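Observations on the three-dimensional arrangement
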Amino acid sequence: MIKNLIAFYLLLFSATTILAQDDKIYLTSGDTLTGSIDILLPADFFEEITLKTDEGKRRFKSFQMVGFTADNVHYKTIKFGAKYRIMEVIMSGYLGLYRFRTENNYDFGSRFLYKVTNEGIEVPNITFKKSVSEFVSECPSVQAGVKDKTYKSSNVEEMVAAFNNCLGTKPQYAENELKKEKTLKISKELELIKSISANLQEKNINEELSTLLSDVEGKIAKGEKVPGYLKAALREATSSYQSVSKDVSDLLILLK
């Protein structure tokens, strides 16, 4: 009887140990490590965990990892304030909802809204209407729901779901704004290169400079990145023409 009881406890201990090894950490290097994870109390300037494996115990700071899974709970590292914080994933999507720890608390009691565009905001209680309505302005119907108190701090999960549903799997609003911004930037670059070319027409510029300007204009028109050697050549070739110095400087700033 005693032997059977000992065998049972040994089997139970082995099973518990195996389960504890199911935690995973996803490093910024792209590596995935498996073991048993303990989340440590947050420090002033960093947060960290320990990973215990058969080879021993290692410490990882939050900025060294993308996230991890411990006890079947998913965590993500997000920069908020002066440090990368470990945040518990509550809802994921274009807009995600997370919980994090404030000061030296162990409890993940504060909530955080975070977009895939790296924009984030702590979920406030007092200024929820004003702060959050601005944050969800990409979706007018959800923004209106925040303003008329359909969505409040108490049902922020519903707001997150509505926001992601509003944008769909592809955030069309964000994509359109990025395309618009890129088009405006290219238009400004082309205006500058044309202004430079026009000002230099009266200077009897050599064929080499004329070809250089055409090459730069061609890259810009195609939306391609202008390589560093072309930018350096443009700066050097136009350095003696004061009439275009400002336009060249402005263009090089845009091409960074």
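Above this text sits the structure in question.
What comes next is a walk through the structure. (Residues numbered from 1 in each chain as written. Predicted model: local features only at pLDDT ≥ 70, side-chain atom pairs only at ≥ 80, totals over all residues. Heavy atoms only, no water.)

Time to look at the packing of aromatic side chains. Summed over the entire model, instances satisfying the criterion amount to eight aromatic pairs. With a centroid separation of 6.4 Å and an interplanar angle of 80°, the aromatic rings of Tyr98 and Tyr114 are classed as edge-to-face. Remark: Tyr114 occurs in strand 9 (residues 110-115) and Tyr98 occurs in strand 8 (residues 95-100); sequence separation between them is 16 residues. Take Tyr114: its relative accessible area is 14%, and that puts it in the buried class. By the ring-pair criterion, three or more aromatic residues cluster together here, those being Phe80, Tyr98, Phe100, Phe112 and Tyr114. Note that Lys61 overlies the ring of Phe46, its terminal NZ or CZ placed 4.6 Å from the centroid. Here the basic side chain of Lys115 rests over the ring of Phe135, its NZ or CZ set 4.2 Å away from the ring centre. (Phe/Tyr/Trp six-rings, centres within 6.5 Å; stacked < 30°, edge-to-face > 60°. Helix = DSSP H or I, 4+ residues; strand = E, 2+ residues; numbered from the N terminus. Buried < 20%, exposed > 50% of the residue type's maximum accessible area, 1.4 Å probe, protein only. Lys NZ or Arg CZ within 6 Å of the ring centre and 35° of its normal.)

Another point: the sheet that holds strand 3 (residues 48-53). One open sheet accounts for ten strands, arranged 4-3-2-1-5-6-7-8-9-10; its pairing is antiparallel. Of all strands in the sheet, those bounded by a partner on one side alone are strand 4 (56-61) and strand 10 (120-122). The sheet shows a mean angle of 40° between the axes of neighbouring strands, taken without regard to direction. Here strand 3 runs beside strand 4; their pairing, made up of six bridges, is antiparallel. Bridge pairing links Glu48 to Lys61 in strand 4. Against the sheet, helix 4 (residues 156-167) makes contact with strand 7 (83-91), strand 8 and strand 9, and its axis sits at roughly 150° relative to strand 8, the strand it touches most. (Pairing = 2+ DSSP bridges. Axes fitted to C-alpha atoms, helices over the stretch in contact; angles between N-to-C directions. Contact = heavy atoms within 4.5 Å.)

Keep in mind these values describe shape, not function.
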